[in-house]
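# Structure at a glance
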Amino acid sequence: MTDQGSSRRAQVTSISEQLREIGEDVDGIPMSGPLVDSYDRRIKNLRISITDKCNFRCVYCMPAEGLPWLPRAEILTYEEITRLAQILTGIGVTQIRLTGGEPLVRRDVTELVRMLHGISGLESLSLTTNGVLLGKLAGPLAEAGLTRINVSLDSLVRERFAEMTRRDQLEQVLAGLETLERYPSISPIKINAVAMRGFTEAEVLDFAALARRKPYVVRWIEFMPLDADGNWERERVLTGAEIKAILERDLMPLVPIDAEASSTSRRYRFADGVGEVGFINPVSEPFCATCNRIRLTADGQLRTCLFSIDEWDLRGPMRAGASDRELADIFLEAVAHKEKKHQINEGEQFQRASRSMSQIGG
Ligand code: SAM
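This text gives an overview of the structure that appears in the document.

The subject of this paragraph is the overall build of the protein chain. From N to C terminus, the protein chain includes twelve helices and twelve strands. Taken against the 2.2 N^0.38 rule, which gives 21 Å for 362 residues, the C-alpha radius of gyration of the protein chain at 20 Å falls within 12% of a compact globule. For the C-alpha atoms alone, the extent of the protein chain along its principal axes is close to 60 × 45 × 40 Å. The burial tally for the protein chain puts 56% of its 362 residues in the buried class. Taking contacts inside the protein chain between residues at least 6 apart in sequence as the whole, the part at least 24 apart equals 73%. Side chains of the protein chain carry 46 positive and 52 negative charges; the gap between the two charge centres is 2 Å.

In this section: the environment of Arg158. Inspection of the secondary structure assignment puts Arg158 in helix α6 (residues 158–165). C-alpha separation for the pair Arg158 and Val105, spaced 53 residues apart in sequence, amounts to 22 Å. With near-sequence residues (within four places) excluded, Arg158 lies in contact with Asp168 and Leu170.

Another aspect to go through is the site of the ligand. Near the ligand you find 17 residues, and of these Tyr60, Gly101, Glu102, Ser152 and Met224 are the closest. Between a nitrogen atom of the ligand and a main-chain N or O atom of Gly101, the distance comes to 2.9 Å. Within the side chain of Ser152, an N or O atom sits 2.5 Å from an oxygen atom of the ligand. If the ligand stood free it would expose 550 Å²; the protein chains cover 94% of that surface. Its residues assigned to classes, the shell around the ligand shows six nonpolar, eight polar and three charged.

As summarised here, the arrangement of the twelve strands in space is β7-β8-β9-β6-β5-β4-β3-β2-β1-β10-β11-β12, forming an open sheet in which the pairing is mixed. Single-partner strands in this sheet number two, and they are β7 (254–256) and β12 (312–313). Pairing of strand β8 (residues 265–270) with strand β9 (residues 276–280) involves five bridges; the strand directions are antiparallel. Each bridged residue has a counterpart across the sheet, and for Arg267 the counterpart in β9 is Gly278.

One broad trend across soluble globular proteins is that nonpolar side chains are buried collectively. Counting 105 residues, the largest nonpolar core has Ile96, Trp220, Leu247 and Val277 as the members making the most contacts within it. If you tally residues by element for this core, the top one is helix α11 (residues 324–336), at seven residues. Every residue in contact with Leu247, bar those within four places of it in the chain, is listed here: Val204, Leu205, Ala208, Trp220, Met252, Leu254, Phe270, Val277 and Phe279.

Analysis parameters
Residues numbered from 1 in each chain as written. Predicted model: local features only at pLDDT ≥ 70, side-chain atom pairs only at ≥ 80, totals over all residues. Heavy atoms only, no water. Helix = DSSP H or I, 4+ residues; strand = E, 2+ residues; numbered from the N terminus. Rg over C-alpha atoms; globule rule 2.2 N^0.38 Å. Buried < 20%, exposed > 50% of the residue type's maximum accessible area, 1.4 Å probe, protein only. Contact = heavy atoms within 4.5 Å. Lys, Arg positive; Asp, Glu negative; His and termini not counted. Charge placed at Lys NZ, Arg CZ, Asp CG, Glu CD. Near = heavy atom within 4 Å. Polar contact = N/O pair within 3.5 Å; in protein donor to acceptor, adjacent residues only side chain to side chain. Areas by Shrake-Rupley, 256 points an atom, 1.4 Å probe, with all protein chains shown as cover. Nonpolar A, V, L, I, M, F, W, Y, C, P; charged D, E, K, R; others polar. Pairing = 2+ DSSP bridges. Core = buried A, V, L, I, M, F, W, Y, C linked by side-chain atoms within 4.5 Å.

See the structure below:
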């Protein structure tokens, strides 16, 4: 941890000391204990980026020429990822999502899924992908124990898809989705589209039709200031409320579905009961108060918020021989300092995150 939060650090009672008092203090074995931050948010959800590389170059995420990739030696091995995941499930994490970059470009990704699937206490193992390699990997992923999936898809029109991703591969993504449908153990299938003003409006009804025709939940996620090019502007954010208004005006009313308190998405069913859509509105309706997520980057840094300026190094201590107990202590300390909220809406005060979306793991 660098500077931010150091003033608060003094106020946080040593969590590990508290845990030592209530748990069995067996050296090297993490105690089961609550991973709770200083705003009483119980952390259950871990996003693990397994690579910073991607085979797409989405305009809202990565520059056309790519980014300087992390050296291989800096990237956590599957054994290291599994060890950290085991420690975290020992202290309260119950859901893990693999992401990137593009997670499916990392060699033998199904092997990692198999290793994580075996962790006791893990209730959900999911993956976020651009879908282009699903034709080949959906079956092996299902067989390895993947339980949920999000596929990112911004357009159903070939030229527009290519404009957004800088890759002409819509057909492969749609074929990958078809393949996925053959593996019901991976459910639900969610489709995420980044909502950008001037682009997304044109296909809102087509995506709604997809959600009604196929077993896919379609969700729109507001464009966030996490693009590597730094082109984000508030005017370019098409809000969830605006998309909902288009659907209700041109199609039919939407009926809210009760969601878990920690859910990031506002979920709705179409009034005739056919199809589900959702809106993830981090800009217009921040959900920080119920955020239960932390993120591990491909190079082993823990981020307690998408917009964190600081990170907590796990790779260094792990490679220097830290025990499970010591690594658990770093997690507990980091979570104790989890940011109250992001500051996208605080005007001048907003500072861009220290890395862009593909380097963090969205
Ligand atoms: N490559 C995978 C994929 O395409 O889903 C996983 C990584 S990608 C960074 C994760 C998600 O972040 C994708 O749904 C992507 O659309 C979204 N994303 C990337 N940049 C974004 C931004 N600036 N605002 C909102 N969402 C963004």
